[in-house]
Amino acid sequence: MDLINKRIVLGVTGGIACYKIAELVRRLTEQGATVDVVMTEAATHFITPVTMQALSGRPVFLDAWDPRVPNNMAHIDLTRGADVVLIAPASADFMAKLAHGEASDLLSTLCLARACPLLAAPAMNREMWANPATQRNVTQLRADGIALLGPDSGSQACGEVGDGRMLEAHQLLSEVIAFFQPKVLAGKHVLMTAGPTAEPIDPVRVLSNRSSGKTGYALARAAQEAGARVTLISGPTALPAPYGVMRVSVTTARQMHAAVMAEAASADIFIAVAAVADWYVKNASTQKIKKTRGGPPQLEFEANPDILADVAGLARGPWCVGFAAETENLAEHAEDKRRRKNLPLLVGNLAQNVMDADATELALFDDRGMHSLPAATKLDAARRLVAEIAARLPKP
Ligand code: C5P
């Protein structure tokens, strides 16, 4: 429930992307938000107010002369308690109205009269988006402090392909949730590793660690929500890349090391969450090893590079955070690891409690000792950890 106690005015304007808005209202309310839907007349041609009312569980507002509003001040009343106004889809026409400060219908009047931030998710044909008039309006809206979410690029309802697609409902939800998170990492570049690595034995067999990648991916999302630019170097996992995060997929520890080192110089913070294999198979076979051929293979191992220790050893490297999943004596092993790798912060957890689970219990180790964090979902724990990291960063 990431939007509990949040009040959102959702302005819906006319465009075929309206079909995504039913899903959006459902997702917003599932997260605990109170959603007041305001529709333009054009929007009602694409999706009905009945659908919006049923999904939001609240009356839907359509025009400025609504007899249900005794003082006729819906344009004022609706936004006064609101935390944010979200226009989705934002048509080219509505963006033009916004850019010019028009108050020609309930929604545009409400936008002008609002006392809270405004987010807009453009949705239009690619030529309409590229038109210099629309681009002038985009520049004006940004200058006015309005945050544009998207648009995306891809196939469009009209059959053309290009910029102007509205973001999907789940992406808009992520944007709204991110909007409410404190921007404690604004302007920072966060480099991370997550997931396991897989070390080939032959073309079909690998040695790997048990790691779902969930903690690392939750942390990448939390850092992105906190305003950071996030580069996530990920080993093999089935998880989708968190919205707004730049993911680089790798397989082996040596590939992960190379990908991290290529980004380390530009990173402000490095967070090593990956369960990196300690060794790779030196005599990996280029052909599948046949089990019928004379007993088990004799594997020779060679140590993998320690990615975290190498980054922590850079002369002007990023501020480094390590992870330690232990099965016993967590405090002892974690503090030992922190000193060995020369880290300002190490995050420990008991491996048997967290493997593949959605909840976690973390303990922080720094120069002042150990601090336990309360048990939480991996995403909540990640958000807390982002706040703890931000509070410890050296002041510029
Ligand atoms: O050395 P150990 O694996 O116990 O340390 C765990 C921490 O070091 C984690 O943050 C992990 O991501 C990182 N690590 C690494 N490269 C390795 C081994 C571990 O970055 N080769």
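Please read all numbers here as calculations on a predicted model, not as lab measurements.

Conventions we followed
- Residues numbered from 1 in each chain as written.
- Predicted model: local features only at pLDDT ≥ 70, side-chain atom pairs only at ≥ 80, totals over all residues.
- Heavy atoms only, no water.
- Axes fitted to C-alpha atoms, helices over the stretch in contact; angles between N-to-C directions.
- Helix = DSSP H or I, 4+ residues; strand = E, 2+ residues; numbered from the N terminus.
- Parallel < 35°, antiparallel > 145°, perpendicular 65-115°, else oblique.
- Left-handed = near helix turned anticlockwise from the far one by under 90°.
- Contact = heavy atoms within 4.5 Å.
- Nonpolar A, V, L, I, M, F, W, Y, C, P; charged D, E, K, R; others polar.
- Buried < 20%, exposed > 50% of the residue type's maximum accessible area, 1.4 Å probe, protein only.
- Near = heavy atom within 4 Å.
- Polar contact = N/O pair within 3.5 Å; in protein donor to acceptor, adjacent residues only side chain to side chain.
- Areas by Shrake-Rupley, 256 points an atom, 1.4 Å probe, with all protein chains shown as cover.
- 1 Å grid on protein atoms, 1.4 Å probe; cavity = no way out; pocket = protein on both sides within 12 Å on 5 of 7 lines; lining within 4 Å.
- Sits in = over half its atoms within 2 Å of the grid points.
- Domains from an automatic or database assignment.
- Buried area = accessible area lost by both parts, 1.4 Å probe.
- Salt bridge = Lys/Arg side-chain N within 4 Å of Asp/Glu carboxyl O.
- Pairing = 2+ DSSP bridges.

### Details of the packing of helix H9 (residues 214-225) against helix H14 (residues 378-392)
In the contact formed by H9 and H14, the axes pass within 8 Å of each other and the chain directions differ by 50°. Considering their axes alone, H9 and H14 lie oblique with respect to each other. In the packing of H9 onto H14, the handedness of the crossing is right-handed. Only Lys378, Leu379, Ala382, Arg383, Leu385 and Val386 of H14 make contact with H9, whose side of the interface consists of Lys214, Thr215, Ala218, Leu219, Arg221, Ala222, Ala223 and Glu225. Its residues assigned to classes, the contact of H9 with H14 shows eight nonpolar, one polar and five charged.

### Some words on the side chain of Glu388
With respect to the helices and strands, the residue Glu388 is situated in helix H14. On the basis of relative accessible area, Glu388 is assigned to the buried category, the value being 15%. Apart from residues lying up to four places away in sequence, Glu388 is in contact with Leu364 and Leu373.

### Notes on the environment of Ala359
Structurally, Ala359 is set in strand S18 (residues 359-360). With a relative accessible area of 41%, Ala359 lands in the partly exposed category. Along the chain, Ala359 and Ala381 lie 22 residues apart, while their C-alpha atoms are 8.3 Å from each other.

### With respect to the packing of helix H1 (residues 21-30) against helix H8 (residues 169-180)
Orientation of H1 relative to H8, taken along the N-to-C sense of each, is 40°, at an axis distance of 9 Å. Between H1 and H8, the crossing angle belongs to the class labelled oblique. Between H1 and H8 lies a crossing of right-handed hand. Contacts between H1 and H8 involve Glu23, Leu24, Arg27 and Leu28 on the former and, on the latter, Ala169, His170, Leu172, Leu173 and Val176. A breakdown of the residues in the contact of H1 with H8 according to their chemical character gives six nonpolar, one polar and two charged.

### Some words on the site of the ligand
With respect to spatial proximity, the complete set of residues near the ligand consists of Ala272, Val273, Ala274, Val276, Pro305, Asp306, Ile307, Leu308, Gly322, Phe323, Lys337 and Lys341. In the environment of the ligand, a nitrogen atom lies 3.0 Å from a nitrogen or oxygen atom belonging to the backbone of Ile307. Interatomic distance of 2.8 Å between a side-chain N/O atom of Lys341 and an oxygen atom of the ligand. Here the ligand loses 85% of its free accessible area of 440 Å² to cover by the protein chains. When each cavity is represented as a set of grid points, the ligand is found to reside in the largest pocket. Its residues placed into classes, the shell around the ligand shows eight nonpolar, one polar and three charged.

### A short note on the domain arrangement of the protein
Each domain of the protein was delimited in the assignment, giving domain 1 (7-179) and domain 2 (189-392). Spacing between the C-alpha centres of domain 1 and domain 2 amounts to 40 Å. Contacts between the two partners involve six residues from domain 1 and, on the opposite side, four residues from domain 2. Buried surface at the junction of domain 1 and domain 2, summed over both partners, amounts to about 450 Å²; 58% is from carbon and sulfur atoms. Of all residues in domain 1, Ser174, Ile177 and Ala178 bury the most surface against domain 2, accounting for 66% of the area lost on that side. Counting every contact that joins domain 1 to domain 2 gives zero salt bridges. For the side of domain 1 that touches domain 2, the per-class residue count stands at three nonpolar, two polar and one charged.

### Brief notes about the sheet that holds strand S2 (residues 34-39)
Judged by pairing direction, the sheet is parallel, and its five strands sit side by side in the order S2-S1-S3-S4-S5 without closing on themselves. Because the sheet does not close on itself, it has two edges, and the strands there are S2 and strand S5 (147-148). In this sheet, S5 lies alongside strand S4 (residues 118-122) in parallel orientation, the contact comprising two bridges. Each residue of the ladder has a partner; that of Leu119, found in S5, is Ala147. In the packing of helix H4 (residues 92-100) onto the sheet, contacts are made with strand S3 (84-90), S4 and S5, and the angle to S3 comes to roughly 140°.

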